[in-house]
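Close look at the chain arrangement
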Amino acid sequence: RVKSLAGALAEGIKEYVALVHGDFPDEEMTVDWPLGQDGESNVVKKRRAWPGGTEPAVTRFRKVLSVGGISLVRCFPETGRLHQIRAHLESKGFPIVGDKLYGRDPAAFLEFVRHGMTADLQKSLILPRSALHAARLAFTHPETRRPMNIRAPLPRLFADFIRSLRVRD
């Protein structure tokens, strides 16, 4: 019986890159905290990573570089939970730049919903979108059994932002 594409993707290797606030540690970090609903948030879909969560979730992180108080981090989710990378990074004190829901400002998401992207919100977020990018997906094709390795280059927004930090630093 041929496995579905969804099954092949679930078993594959996923790699993301993120720009996060803070100087990420040099050594690889593994976050093995389950996820669950964030009961302290006014946003129902917001998740929280903590030892008391109900859905097992594991993500490995590796720093690429740090400059100007921002780090570029490679993210390897070993489970596929909703908002897993974002919640794991927030739980360890490294929120994603530009993330309205899991970023530094807990009011940003609702402010955006109510008023759109204001000048103050743009200034607070630093980037106009969440700085999380799916960089690589590797899996075995369910019909041909051929290994598939799909890569997406770093978005120009990320590269330009890193360059601007290096100039200022």
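To keep things clear, this report deals only with the structure shown in the data block. (Residues numbered from 1 in each chain as written. Predicted model: local features only at pLDDT ≥ 70, side-chain atom pairs only at ≥ 80, totals over all residues. Heavy atoms only, no water.)

Relative to the elements of secondary structure, arginine 129 occurs in the loop between helix H4 (119–125) and strand S7 (132–140). Overall, the relative accessible area of 32% leaves arginine 129 in the partly exposed class. For the pair formed by arginine 129 and glycine 98, sequence separation is 31 residues and the distance between their alpha carbons is 5.1 Å. Apart from the residues within four sequence positions on either side, arginine 129 is in contact with Val97, Gly98, Pro155, Leu157 and Phe158. (Helix = DSSP H or I, 4+ residues; strand = E, 2+ residues; numbered from the N terminus. Buried < 20%, exposed > 50% of the residue type's maximum accessible area, 1.4 Å probe, protein only. Contact = heavy atoms within 4.5 Å.)

Another aspect to go through is the packing of aromatic side chains. Scanning the entire structure with this criterion turns up two aromatic pairs. One aromatic cluster in this structure is built from Phe24, Phe61 and Phe94. The ring centre of tryptophan 50 lies 4.0 Å from the NZ or CZ of arginine 48, which sits over that ring. Lying over the aromatic face of tryptophan 33, lysine 92 brings its terminal NZ or CZ to 4.2 Å of the ring centre. (Phe/Tyr/Trp six-rings, centres within 6.5 Å; stacked < 30°, edge-to-face > 60°. Lys NZ or Arg CZ within 6 Å of the ring centre and 35° of its normal.)

On to unusual backbone geometry, then. Phi angles above zero are rare outside glycine, and histidine 83 is one such case at about 65 degrees. Turning to its location among the elements, histidine 83 is positioned in the loop between strand S6 (70–77) and helix H2 (84–91). For arginine 145, which is not glycine, the phi dihedral falls at a positive 65 degrees. Mapping arginine 145 onto the fold places it in the loop between S7 and strand S8 (147–151).

With six bridges joining them, strand S1 (residues 13–21) and S7 adopt antiparallel strand pairing. Bridging across to S7, tyrosine 16 finds its partner in alanine 134. With five bridges joining them, S7 and S8 adopt antiparallel strand pairing. Its bridge partner being in S8, alanine 138 is matched across the sheet by asparagine 149. The hairpin turn running from S7 into S8, its antiparallel successor, is six residues long, and arginine 145 in that turn takes a positive phi close to 65 degrees. (Pairing = 2+ DSSP bridges.)

Moving on, we come to the sheet that holds S7. Taken together, the six strands give an open sheet; going across it, the order is S2-S5-S6-S1-S7-S8, and neighbouring strands pair in antiparallel fashion. Each edge of the open sheet is held by one strand with a lone partner, namely strand S2 (29–31) and S8. The mean angle between the axes of side-by-side strands here comes to 20 degrees, regardless of whether they run parallel or antiparallel. H2 rests against S1, S2, strand S5 (59–67), S6 and S7 of the sheet, and its axis sits at about 65 degrees to S5. Along the sheet face, helix H5 (residues 156–168) touches S1, S5, S6 and S7 and points at about 45 degrees away from the line of S5. (Axes fitted to C-alpha atoms, helices over the stretch in contact; angles between N-to-C directions.)

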